[in-house]
Amino acid sequence: MSKTEKKKVGLTTRIFISLILGAIAGVLLHYFVPSGQIRDDIIINGIFYVVGQGFIRLMQMLVAPLVFCSLVCGSMSIGDTKKLGQVGVKTMLFYLATTACAIALALSVANVIDPGIGLDISSIEAAKDVGSAEATNFADTLLNIIPTNPFSALANGEMLQIIVFALIVGIILAKLGDRVETVSNFFGQFNDIMMEMTMMVMAVAPIGVFCLIAKTFAGIGFDAFIPMLKYMLAVLVGLAMQCFIVYLGMLKIFTGLNPIIFIKNFFPVMAFAFSTATSNATIPLSIDALAKKMGVSKKISSFTVPLGATINMDGTAIMQGVAVVFVAQAFGIQLDMMDYMTVIGTATLASVGTAGVPGVGLITLTMVFNSVNLPVEGIALIMGIDRILDMTRTAVNITGDAVCTTIVAHQNKMLDREVFKNSVSKSNISGKE
Ligand code: ASP
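Residues numbered from 1 in each chain as written. Predicted model: local features only at pLDDT ≥ 70, side-chain atom pairs only at ≥ 80, totals over all residues. Heavy atoms only, no water.

> I'm lost on the side chain of threonine 348 in this one. Help?
With respect to the secondary-structure elements, threonine 348 resides in helix α14 (residues 337-353). The contact partners of threonine 348, leaving out residues within four places of it in the chain, are Leu96, Thr99, Ala100, Ile103 and Val343. (Helix = DSSP H or I, 4+ residues; strand = E, 2+ residues; numbered from the N terminus. Contact = heavy atoms within 4.5 Å.)

See the structure below:
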């Protein structure tokens, strides 16, 4: 085996090892290294912070140009607006259906585990300053996807606005054909540059992941987990069921692909989402893994993955469903069937409104609580331990986008099964292929 081949085989494994080592290093630092300048200022808030955040920023740097260029190229090569419309509607339906299913699942799991019953609220140190989100006006939300200034949309990373503008540019490029060949080539080539850049950033992923995880675990006080164990368990069980039963079941039923191989191929992307808790930054990686390992055409994924990272947050919806039952039980508030239906509706909207960055799910949770008159102070109870759940639900959020994307690609004949088959023998995502 040549040196480069050896490197190829190792990336998934190296990311996995980094996750484990990062967690161990973080816990050891938290419990066994006395706090002081060396531990806190130099190691945790110095090296780990700078390297970890540097890595996230590198990934974020890719998002706006990559999404824009690959979406222009994707919609240009599909060309047909009717087909694009069909893909869009189908994807939205999948996204909404999986989110509603996620909340229903969360409410059921939480009612079995009863996370808030017998809880001594006074034993929990509540965090202060819960942000809040008002339910936004539907008409304005809809209008807001049209950018008044596409350049500011790009500059501010307004994903839905970028998607709309890129789709229009791509459709027009297809319509004008040879007349705009230079511009078409430009976007195609710029897209290649962005993909190459993604590969370069991925090469340092194991180091980035290690530092991010180590910093997070070094900062977590595990004592805070104890009164919250049942709540955490309910969220984790809900997330696992959504990921392994709902998604993988859907994948098998709709595409016939082997779910185990799918998860194995997608693991580095999940690990990245887990360590960063940021769906948005995961977009380039997800598009790449779907293309190289699952055979999903970028024409589809460049549209559906950024859309999903913006509006499809099933993991977040699960946390919100469990949080509703938890806080209702902790405060002794009885919820009826009507309340549960309301929660399914508002949490689906909250999932659409949750941005793919860390911790926003807790803020949009206020909207869900308000809809059934639960005390918003309840959110303060779960804030202290939310980070670890945020990481886990982000991994689920992006897996949901990837599964729906693969299904829609399959239904639109844009899934190359040979690539998936071949990935079985390679079984790892490489930095360069
Ligand atoms: N961190 C999540 C994401 O990026 C959003 C959230 O639930 O807070 O997908």
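So much for the structure itself; the text now carries on.
> Would you mind going over a nonpolar patch on the surface with me for this structure?
A cluster of nonpolar side chains, contributed by Ile38, Ile42, Ile47, Tyr49, Val50, Val51, Leu58, Met61, Val204 and Ile207, occupies part of the molecular surface with about 890 Å² of accessible area. Among the elements that line the nonpolar patch, the one with the most residues is helix α2 (residues 37-78), at eight residues. Note on placement: valine 204 falls in the loop between α7 (181-203) and α8 (205-219). (Patch = residues over 30% accessible without salt bridge, like charges linked within 9 Å, V, L, I, M, F, W, Y side chains within 5 Å. Areas by Shrake-Rupley, 256 points an atom, 1.4 Å probe, with all protein chains shown as cover. Salt bridge = Lys/Arg side-chain N within 4 Å of Asp/Glu carboxyl O.)

> I would appreciate a short explanation of helix α15 (residues 360-371) in the present structure.
An α-helical segment advances 3.6 residues per turn. Residues three or four places apart therefore align on the same side. If you check α15, its first and last C-alpha atoms are 18 Å apart, about what twelve residues at 1.5 Å a residue would give, namely 16 Å. Within α15, nine of the twelve residues are buried, leaving the element largely enclosed by the surrounding structure. Within α15, the full set of buried residues consists of Val360, Gly361, Leu362, Thr364, Leu365, Thr366, Met367, Val368 and Phe369. Its buried side turned inward, α15 meets α13 (314-330), α14, α16 (378-383) and α17 (386-411). Residue asparagine 373 follows α15 closely and has a positive phi angle near 55°. (Expected span 1.5 Å × (residues − 1). Buried < 20%, exposed > 50% of the residue type's maximum accessible area, 1.4 Å probe, protein only.)

> Is there a simple way to think about the site of the ligand in this case?
Residues in contact with the ligand amount to 17 residues; listed here are only the nearest, Ser279, Thr316, Gly361, Asp390 and Arg393. The backbone of valine 357 places a nitrogen or oxygen atom 3.1 Å from a nitrogen atom of the ligand. For the ligand, an oxygen atom lies 2.7 Å from a polar atom in the backbone of glycine 361. Here the ligand, which alone exposes 270 Å², has 100% of that area covered by the protein. Of all the secondary-structure elements, those providing two or more residues to the shell around the ligand are α15 and α17. At four residues, α17 tops the list of elements feeding residues into the shell around the ligand. Per-class residue counts for the shell around the ligand are six nonpolar, nine polar and two charged. (Near = heavy atom within 4 Å. Polar contact = N/O pair within 3.5 Å; in protein donor to acceptor, adjacent residues only side chain to side chain. Nonpolar A, V, L, I, M, F, W, Y, C, P; charged D, E, K, R; others polar.)

> What am I meant to see in α7 here?
Across its 23 residues, α7 extends 33 Å between first and last C-alpha, which sits within 8% of the 33 Å expected from 1.5 Å per residue. For α7, the full list of buried residues reads Ser184, Phe187, Asn191, Met194, Met195, Thr198, Met199, Val201 and Met202.

> Whenever I open this one, unusual backbone geometry confuses me. Can you help?
Note: most peptide bonds trans; most residues except glycine with negative phi. Of note, alanine 277 is a non-glycine position whose phi angle comes to about 55°, a positive value. Assignment of secondary structure puts alanine 277 in the loop between α10 (259-276) and α11 (279-294). By relative accessible area, which is 1% here, alanine 277 ends up buried. The residue asparagine 373 is not glycine, and still its phi comes out positive at about 55°. Its location among the elements puts asparagine 373 in the loop between α15 and α16.

> How should I be thinking about the environment of threonine 346 in this particular structure?
Tracing the chain through its elements places threonine 346 in helix α14. Distance in space between the C-alpha atoms of threonine 346 and glycine 54 is 35 Å, their sequence separation being 292 residues. In this structure threonine 346 touches Met367, Val368 and Ser371, once residues within four positions along its chain are discounted.

> Looking at this structure, I do not really get the confidence of the model for the chain. What am I missing?
In low-pLDDT regions, the fine details of the predicted coordinates are not to be read closely. Here the chain shows a mean pLDDT of 87. Residues at 70 or above account for 91%. Every residue in residues 1-7 scores below 50 in pLDDT, and together they form two contacts with partners more than four places removed in sequence or on other chains. (pLDDT = per-residue confidence, 0-100.)

> Whenever I open this one, the packing of α10 against α11 confuses me. Can you help?
Between two packed helices, both the angle of their axes relative to each other and the distance between the axes serve to describe the pair. Interhelical geometry of α10 versus α11 gives an angle of 170° and a closest axis separation of 10 Å. Between α10 and α11, the crossing angle belongs to the class labelled roughly antiparallel. When α10 is examined against α11, the residues Phe262, Asn265, Phe266, Pro268, Val269, Phe272, Ala273 and Thr276 are found in contact with a partner set consisting of Ala281, Thr282, Leu285, Ser286, Ala289, Lys293 and Met294. For the contact of α10 with α11, a count of residues per class yields ten nonpolar, four polar and one charged. (Axes fitted to C-alpha atoms, helices over the stretch in contact; angles between N-to-C directions. Parallel < 35°, antiparallel > 145°, perpendicular 65-115°, else oblique.)

> Can you walk me through the nonpolar core in this structure?
The tendency in soluble globular proteins is for nonpolar side chains to be buried side by side. Ranked by internal contacts, the top residues of the largest apolar core, which has 132 residues, are Tyr231, Phe262, Phe266 and Leu365. Considering each element in turn, this core owes the most residues, 15 residues, to α2. Residue contacts for phenylalanine 266: discarding those within four places in its chain leaves Ser286, Ala289, Met294, Ile398, Thr399 and Ala402. (Core = buried A, V, L, I, M, F, W, Y, C linked by side-chain atoms within 4.5 Å.)

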